[in-house]
Amino acid sequence: MPKPHSVSCVDDGTPSPRRLSGAEAVVIIVIITTAAVLVAVAGMAVPVMLQMLVGAGLVAVLVVGLVTGASARGLRAALRALLAAAT
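From a predicted model like this one, the values you see are computed outputs, not experimental measurements.

Parameters at a glance
- Position labels on residues start from 1 in each chain and follow its written sequence.
- Only residues with pLDDT of 70 or above have their local features reported here, since the model is predicted, and side-chain atom pairs are shown and tallied only from 80 upward, although totals for entire chains, interfaces and linings are computed over all residues.
- Excluding hydrogens and water, the side-chain values take into account all heavy atoms of the structure.
- For patch building, the residue pool is restricted to those with more than 30% relative accessible area and no salt bridge; the joining distance is 9 Å between like charges and 5 Å between nonpolar side chains (Val, Leu, Ile, Met, Phe, Trp, Tyr).
- The Shrake-Rupley method, run with a 1.4 Å probe, gives the accessible areas here. Residue values count only the displayed protein chains as cover.
- Take a side-chain nitrogen of Lys or Arg and a carboxyl oxygen of Asp or Glu: if they are within 4 Å of each other, that pair is a salt bridge.
- Secondary structure counts use DSSP, requiring at least four H or I residues in a row for a helix and at least two E residues in a row for a strand, with both numbered from the N terminus.
- The buried label goes to any residue with under 20% of its type's maximum accessible area, the exposed label to any with over 50%, and the partly exposed label to all in between, with areas taken from a 1.4 Å probe on protein chains only.
- Under the rule applied, a polar contact is a pair of N or O atoms within 3.5 Å (in protein, one hydrogen donor and one hydrogen acceptor; residues adjacent in sequence only if both atoms are side-chain atoms).
- One number per residue, pLDDT, summarises how confident the predictor is, and it ranges from 0 to 100.
- One less than the number of residues in a helix, times 1.5 Å, gives the span that helix is expected to have.
- Note that the arc is computed from the directions linking the helix axis to the C-beta atoms.
- Any two residues having at least one pair of non-hydrogen atoms within 4.5 Å are treated as being in contact.

A closer look at a nonpolar patch on the surface
Then, in step 1: Taken together, the side chains of L20, I28 and I32 present a nonpolar region at the surface, about 290 Å² in accessible area.
Then, in step 2: Structurally, I32 can be placed in helix α1 (residues 22–40).

Some points on the side chain of E24
Then, in step 1: Looking at the secondary structure, you find E24 in helix α1.
Then, in step 2: Residue class for E24 comes out buried when judged on its relative accessible area of 9%.
Then, in step 3: Within the structure, E24 has its side chain in polar contact with the backbone nitrogen of S21 (distance 2.8 Å).

Side note on the confidence of the model for the chain
Then, in step 1: For the chain, mean pLDDT is 76; residues scoring 70 or higher make up 78% of the total.
Then, in step 2: The least confident element of the chain is helix α3 (residues 72–86), whose mean pLDDT is 75; the most confident is α1, at 84.

Things to note about α1
Then, in step 1: In this model α1 runs 27 Å from its N-terminal to its C-terminal C-alpha over 19 residues, within 8% of the 27 Å that 1.5 Å per residue would give.
Then, in step 2: Residues of α1 that are buried: E24, I31, A35 and L38. Along the axis of α1, the buried residues cluster in a sector spanning 70°; they form a single face. Facing away from the buried side of α1, by more than 90 degrees, are the exposed residues G22, V26, I29 and A40.
Then, in step 3: Those residues of α1 that are buried lie in contact with α2 (46–68).

Encoded structure:
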């Protein structure tokens, strides 16, 4: 009888395959800061801000993907995930 395959939920200490680059980190920080300012200072409603955040995320995925030379398959997967979150 074959031994059942189990998946560990515990981090085994191996580093992640790829860390964020400086460009990716800057884009994420700018988007989060802009969203916080829109809600806190401009008084924008949270649902409207979230829609704007998803739009900014789409732009960020395209820009970072084009700058870093990501594959078309990776860009499609990221865009599909963002569009699924928007609906």
